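Observations on the model geometry
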Amino acid sequence: MKPAPFDYVRCDSLDEAAQVIEQNGDAARILAGGQSLMPMLNMRLAQPAVLVDIMPATDARQITVDKAVLHVGAGVRQADLLAWPGLGAAAPLLARSLPWVGHTQTRARGTICGSIAHADPSSELPLTLAALGGTVILRRGNKRRKVAAADFFMGMMLTDKADDEVIEAVEFPQMPAGTGTGFREVGRRKGDFAIVACAALISNDRVRLAIGGVNDTPVLHDWDTLDPSDEAEALNALAWSLDARADLHASARYRRDLVRNLGATALKEARQCAA
Ligand SMILES: Cc1cc2nc3c(=O)[nH]c(=O)nc-3n(C[C@H](O)[C@H](O)[C@H](O)COP(=O)(O)OP(=O)(O)OC[C@H]3O[C@@H](n4cnc5c(N)ncnc54)[C@H](O)[C@@H]3O)c2cc1C
């Protein structure tokens, strides 16, 4: 199938994109890397009257670190961030999870913010942003608001972004020195969306496990301390508490098993890297 007819607006700045989106509301869609939107257009699951291409906007391509926060603009492609030399120091968890997003080819086009906007429950980037307590910067015209990732993801492919808003950037806070990180996932084939993904963070005063693919949004679970000898029991209790969904990719039981096993491996990795 081919897309329904649409007008195409090529934006050379984020100002212009924000203006066009504000004027057209739900009749318009941002076009970023096109890795999710183009299939939706081809299948006519989305039929916007106007496509607003933000990729020519050079002011959207910024990757900066300021006050221990990694700021990633709307036009930053996944491959660009992965190749950015500062990534491992600024956001070690993101450096671990990003290679799991799709394939070399899709990362060469897809953006970080596009994945956050798309909000697939099995996506690695919403999970990573939520695990790190990150923020989404939304823009309507010239007005900006910041939304915590925990509030931004509201359901399966449902976010707090209004139709007349653009994601200008996302921010990943740096973790305190000595924080260990781990990331593990299982998908059907390499490069597929995760059936279940687990991101772990371990610091002096907190153990966090973030889980994707099990519910409609990333789930965060914190323990003040978690002795390795208590871990299996804690993960089992967590797996049962999640109300795992069953779909054509996996049963609820298999998802619970993955939470126990991937959770343990991600925590082990984080513990080793914190030591
Ligand atoms: C073969 C294949 C395998 C894949 N595997 C994975 C995987 O394993 N894990 C994974 O997470 N993803 C995977 N993806 C999806 C990929 O990561 C996409 O790149 C991502 O979901 C969307 O980013 P994009 O820049 O391509 O956005 P687009 O496809 O251009 O847009 C997606 C949606 O977000 C909106 N949008 C984009 N940017 C903004 C913005 N700045 N402000 C407001 N709205 C915006 C668009 O309007 C659209 O609704 C895969 C894709 C393919 C084709």
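Anyway, here's the lowdown on the structure attached to this text. Computed from a predicted structure; not experimentally measured.

Basis of the calculations
Numbers given to residues run from 1 along each chain, matching the order in which its sequence is written. Reporting of local features is limited, given that this is a predicted model, to residues whose pLDDT is at least 70; pairs of side-chain atoms are given and counted only at 80 or more, and all residues count toward the totals for whole chains, interfaces and linings. Hydrogens and waters are ignored; side-chain quantities use all the structure's heavy atoms. Pairs of strands are assigned from DSSP output, requiring at least two bridges between the strands. A run of H or I in DSSP becomes a helix once it reaches four residues, and a run of E becomes a strand once it reaches two; helices and strands are each numbered from the N terminus. Fitted lines through C-alpha atoms serve as axes, helices being fitted only where they are in contact, and the angles separating the N-to-C directions of these axes extend from 0 to 180 degrees. Planes of paired rings set the category: under 30 degrees apart is stacked, over 60 is edge-to-face and the rest tilted, where pairs are Phe, Tyr or Trp rings (Trp by its six-membered ring) whose centres lie within 6.5 Å. A 1.4 Å probe rolled over the protein chains alone gives each residue an accessible area, and that area as a share of the maximum for its type sets the label: buried under 20%, exposed over 50%, partly exposed in between. Put simply, the grid is 1 Å and covers the protein atoms alone, a cavity is a trapped set of points that fit a 1.4 Å probe, a pocket is an open set with protein on both sides within 12 Å along at least five of seven lines, and lining residues have an atom within 4 Å of a point. Grid points are joined across faces, edges and corners, and a volume is the space filled by probe spheres set on the points. Throughout this entry, Asp, Glu, Lys and Arg are counted as charged residues, while Ala, Val, Leu, Ile, Met, Phe, Trp, Tyr, Cys and Pro are counted as nonpolar. The remaining residues, Gly among them, count as polar. Domain ranges listed in this record stem from an automatic or a database domain assignment. Salt bridges are counted wherever a side-chain nitrogen of Lys or Arg sits within 4 Å of a carboxyl oxygen of Asp or Glu.

1. Focus: the sheet that holds strand 3 (residues 50-53)
- Within the open sheet, the three strands sit side by side as 1-3-2. Their pairing is parallel. Pairing within the sheet leaves two strands with one partner each, and these edge strands are strand 1 (7-10) and strand 2 (28-31). Strand after strand, the sheet turns through a mean of 25° between neighbouring axes, direction not considered.

2. What about the packing of aromatic side chains?
- Under the definition given, this model contains two aromatic pairs.
- A centroid spacing of 6.3 Å and a plane angle of 50° characterise the contact between Trp100 and Phe183, whose relative ring orientation is tilted. Residue Trp100 is found in the loop between helix 5 (92-97) and helix 6 (104-109), and its partner Phe183 is found in strand 11 (residues 180-186); the two are separated by 83 residues along the sequence.
- By relative accessible area, Trp100 is classed as partly exposed at 34%.

3. Some thoughts on the layout of surface pockets
- Taken as a whole, the largest pocket holds about 1100 Å³ of empty space.
- The wall of the largest pocket is formed by 41 residues, among which Ser36, Gly114, Ser115, Ala117 and His118 lie closest to the centre.
- Elements with a minimum of two residues in the lining of the largest pocket: strand 2, helix 2 (37-42), helix 7 (112-118), strand 9 (158-159) and strand 10 (166-173).
- Of all the elements, helix 7 adds the most residues to the lining of the largest pocket, at five residues.
- What the second largest pocket holds in volume is close to 380 Å³.
- Of the residues in the lining of the second largest pocket, the class split is six nonpolar, three polar and seven charged.
- Each of domain 2 (58-173) and domain 3 (180-274) gives at least three residues to the lining of the second largest pocket.

4. A word on the pattern of salt bridges
- Overall, the coordinates contain 18 salt bridges when judged by the stated rule.
- Lys146 is paired through a salt bridge with Glu171; the nearest N and O atoms lie 3.1 Å apart. Residue Lys146 is found in strand 7 (residues 143-148), and its partner Glu171 is found in strand 10; the two are separated by 25 residues along the sequence.
- One salt bridge connects Asp222 with Arg208, and the closest N-O pair in it is separated by 2.8 Å. With Asp222 in strand 14 (residues 219-223) and Arg208 in strand 13 (residues 206-212), the pair connects residues that are 14 residues apart, well separated along the chain.
- A relative accessible area of 38% means that Asp222 is categorised as partly exposed.
- Overlapping salt bridges bring together Arg140, Arg145, Asp160, Asp164 and Glu165 as one network.

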